[in-house]
Amino acid sequence: MTDPLLRVENLEVQFRSGSAVTKAVKGVSFTLGRKENIGIVGESGSGKSVTATSILRLIPNPPGKITGGHIYFEDKDLLALSNKQMRDIRGNEISMIFQDPGTSLNPVYTVGNQIIESIKTHQNVTKKEAKRQAIEMLELVGIPAPEKRISMYPHEFSGGMRQRVMIAIALACNPKLLIADEPTTALDVTVQAQIIDLMKSLQDRIDTSIIMITHDLGVVWETCEKVLVMYAGNVVESGSVTEIYDNSLHPYTWGLLESQITEGVSHDKELSTIPGSPPDLSQDIQGCAFAARCPFAQDICLTKQPESIEVEKDHFVSCHFQTKESRLNREEPKYNDRTAIKN
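Bear in mind the structure is a predicted one, so any value in this text is a computation, not a measurement. Within every chain, residues take consecutive numbers counted from 1 along the sequence as written. Owing to the predicted nature of the model, reporting of local features is limited to residues with pLDDT of at least 70; listing and counting of side-chain atom pairs is limited to 80 or more, with chain, interface and lining totals taken over all residues. As a convention, hydrogens and water are excluded, and side-chain values are obtained from all of the structure's heavy atoms.

1. Some thoughts on helix α11 (residues 251-258)
Here comes step 1: For every residue, the accessible area (1.4 Å probe, protein chains only) is compared with the maximum for its type, and the residue is labelled buried under 20%, exposed over 50%, or partly exposed between those bounds. For the purposes of this entry, the term helix denotes a DSSP run of H or I that reaches at least four residues, the term strand denotes a run of E that reaches at least two, and both are numbered from the N terminus. The buried count for α11 comes to 8 of 8 residues, which makes it a mostly enclosed element.
Here comes step 2: When α11 is considered as a whole, its buried residues turn out to be P251, Y252, T253, W254, G255, L256, L257 and E258.
Here comes step 3: Where the residues of α11 are buried, they touch β3 (37-41), α9 (217-223), β9 (226-231), β10 (234-240) and α10 (241-247). Contacts are residue-level and defined by heavy atoms, with any inter-residue pair within 4.5 Å sufficient.

Rendered as structure tokens:
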């Protein structure tokens, strides 16, 4: 990739609680191009949100700390910038939509004040001009009667409308990168579809790149070109959306795909699950972190951590049995119906 917008190299993040140290992110690397979308998926606790908040240096310290790696945004190492330099970037060049708009919006300020604050912080404009832009942003994200709604408080909006306000705040300064952390989790299916369509249409207008943090593979299929599959703080598989859905190689990815609720499948059928629980990241893990839950694990999986290997162009997987030759003597996965997720 030439001239990527974002490069994350060997990112490591840990949290300390007393004498216990939890290694939440362990050596995560990826690149993101301009006007490109990437999805980061995995179970709760896999390191998705920690990776995202590290880009904006929003890890609370203490107890958290970025302990290694580099994050290059347009060739500037964000981890080497001062706090003032980072404040100039947050909300201006890189914005974030947080998971719960109900807690992210300040309940004692009108939504208009919160959008105006974002605009005036980063742009040399009058309050009158900032208000005009705020009304324009509310209209852009599909909020009716924006001239009236700008004076209303967050509790006067529905969940879907609050999420639209969060998107308006995030996009108010036309950022080059938008990080969306589970932006549709608390919304019903109809509103989810509206929010996804809204983000796609706005991206076409302002040419921003998007990092989508989610557990919903259907959202990734709708919005992204590339996917990172995270487990226990590691990227276990990455590649294009098409390659991951049609030719995934890691047993954890198979489990995620199989556990999705899909159209055309009888609801009387028991939903597939991945047995067991994620490992305790405050403990040293020998071998592959997924080995205890993997139906294909062998002795080497319990003692040696697999390396990330490129099996096809830009398709990486961390598994001792990721090549076609090494899988000849083991049982094929039972996860075999992936096409319904795409519909």
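There is more to say after this.
2. Points about the packing of helix α4 (residues 111-122) against helix α7 (residues 159-171)
Here comes step 1: One can describe the packing of α4 onto α7 by two numbers: an axis separation of 8 Å at closest approach and a directional angle of 20 degrees. Taken together, the axes of α4 and α7 lie roughly parallel to each other. Helix-helix and strand crossings are classified by hand; for α4 and α7 the assignment is right-handed. Note on element contacts: α7 touches α4 through V165, A168 and I169, opposite V111, Q114, I115 and S118.
Here comes step 2: A class-by-class count of the residues in the contact of α4 with α7 yields 5 nonpolar, 2 polar and no charged. To obtain each axis, a line is fitted to C-alpha atoms, and for helices this fit is confined to the stretch in contact; angles are then taken between N-to-C directions over 0 to 180 degrees. For classification purposes, an angle smaller than 35 degrees is called roughly parallel, one larger than 145 roughly antiparallel, one from 65 to 115 roughly perpendicular, and anything else oblique. Take the far helix as your reference; a near helix turned counterclockwise from it by less than a right angle gives a left-handed crossing, and one turned clockwise gives a right-handed crossing. Charged residues are taken to be Asp, Glu, Lys and Arg, nonpolar residues to be Ala, Val, Leu, Ile, Met, Phe, Trp, Tyr, Cys and Pro, and polar residues to be all remaining types, Gly included.

3. A short note on the sheet that holds strand β5 (residues 76-77)
Here comes step 1: In short, DSSP must find at least two bridges between two strands for them to pair. Here we have 4 strands laid out as an open sheet, ordered β2-β1-β4-β5, and antiparallel in their pairing. The open sheet has two edge strands, β2 (20-32) and β5, and neither has a second partner.

4. So, the packing of aromatic side chains
Here comes step 1: Only Phe, Tyr and Trp rings are paired, with Trp represented by its six-membered ring, and only when their centres lie within 6.5 Å; those with planes under 30 degrees apart are stacked, over 60 edge-to-face, the remainder tilted. Inspection of every chain in the model, using the stated rule, returns 5 aromatic pairs.
Here comes step 2: Note on W221 and Y245: the rings are 5.0 Å apart at their centroids and 55 degrees apart in plane angle, and the pair reads as tilted. Residue W221 is found in helix α9, and its partner Y245 is found in helix α10; the two are separated by 24 residues along the sequence.
Here comes step 3: Since its relative accessible area comes to 1%, Y245 is described here as buried.
Here comes step 4: Between the aromatic rings of Y252 and F290, the centroid separation amounts to 5.3 Å while the plane-to-plane angle is 65 degrees, which identifies the pairing as edge-to-face. On the criterion of sequence distance, the pair formed by Y252 in helix α11 and F290 in the loop between α11 and α12 (299-303) is long-range, its members being 38 residues apart. Considered together, Y252 and F290 belong to a single accessibility category, that of buried residues.
Here comes step 5: Directly above the aromatic system of Y72 lies the positively charged group of R7, at a separation of 4.4 Å from the ring centroid.
Here comes step 6: In this structure, R149 packs its charged tip against the face of F157, placed 5.4 Å from the ring centre. Both a distance and an angle decide whether a charge sits over a ring: NZ of Lys or CZ of Arg must be within 6 Å of the ring centre and within 35 degrees of the ring normal.

5. Overview of the layout of surface pockets
Here comes step 1: In this analysis, the protein atoms alone were mapped onto a 1 Å grid. Cavities are point sets where a 1.4 Å probe fits without being able to get out; pockets are open sets with protein on both sides within 12 Å along at least five of seven lines; lining residues have an atom within 4 Å of a point. Grid points are joined across faces, edges and corners, and a volume is the space filled by probe spheres set on the points. Each pocket or cavity is described by its volume, and for the largest pocket that value is around 930 Å³.
Here comes step 2: Lining the largest pocket are 41 residues, and of these G27, S29, V235, S308 and S318 sit closest to its centre.
Here comes step 3: Mapped onto the lining of the largest pocket, the elements with two or more residues apiece are β1 (6-17), β2, β9, β10 and β12 (315-318).
Here comes step 4: If you tally residues by element for the lining of the largest pocket, the top one is β2, at 8 residues.

6. Some words on the environment of F290
Here comes step 1: Look at F290 and you get buried, because its relative accessible area is 3%.
Here comes step 2: Sequence separation of F290 and H250 is 40 residues, and the distance between their C-alpha atoms is 9.9 Å.
Here comes step 3: Not counting residues up to four positions away in its chain, the partners in contact with F290 are Y231, H250, P251, Y252 and I274.

7. A closer look at empty space enclosed by the protein
Here comes step 1: According to the stated counting rule, one finds 1 cavity of 30 Å³ or more in the structure shown.
Here comes step 2: Considering only enclosed or pocket space, the largest cavity measures out at about 100 Å³ in volume.
Here comes step 3: Around the largest cavity, the lining comprises 14 residues; the ones closest to its centre are P251, C288, C294, C301 and C319.
Here comes step 4: Looking at side-chain class alone, the lining of the largest cavity contains 10 nonpolar, 3 polar and 1 charged residues.

Remember, this is a structural readout, not a statement about activity or role.
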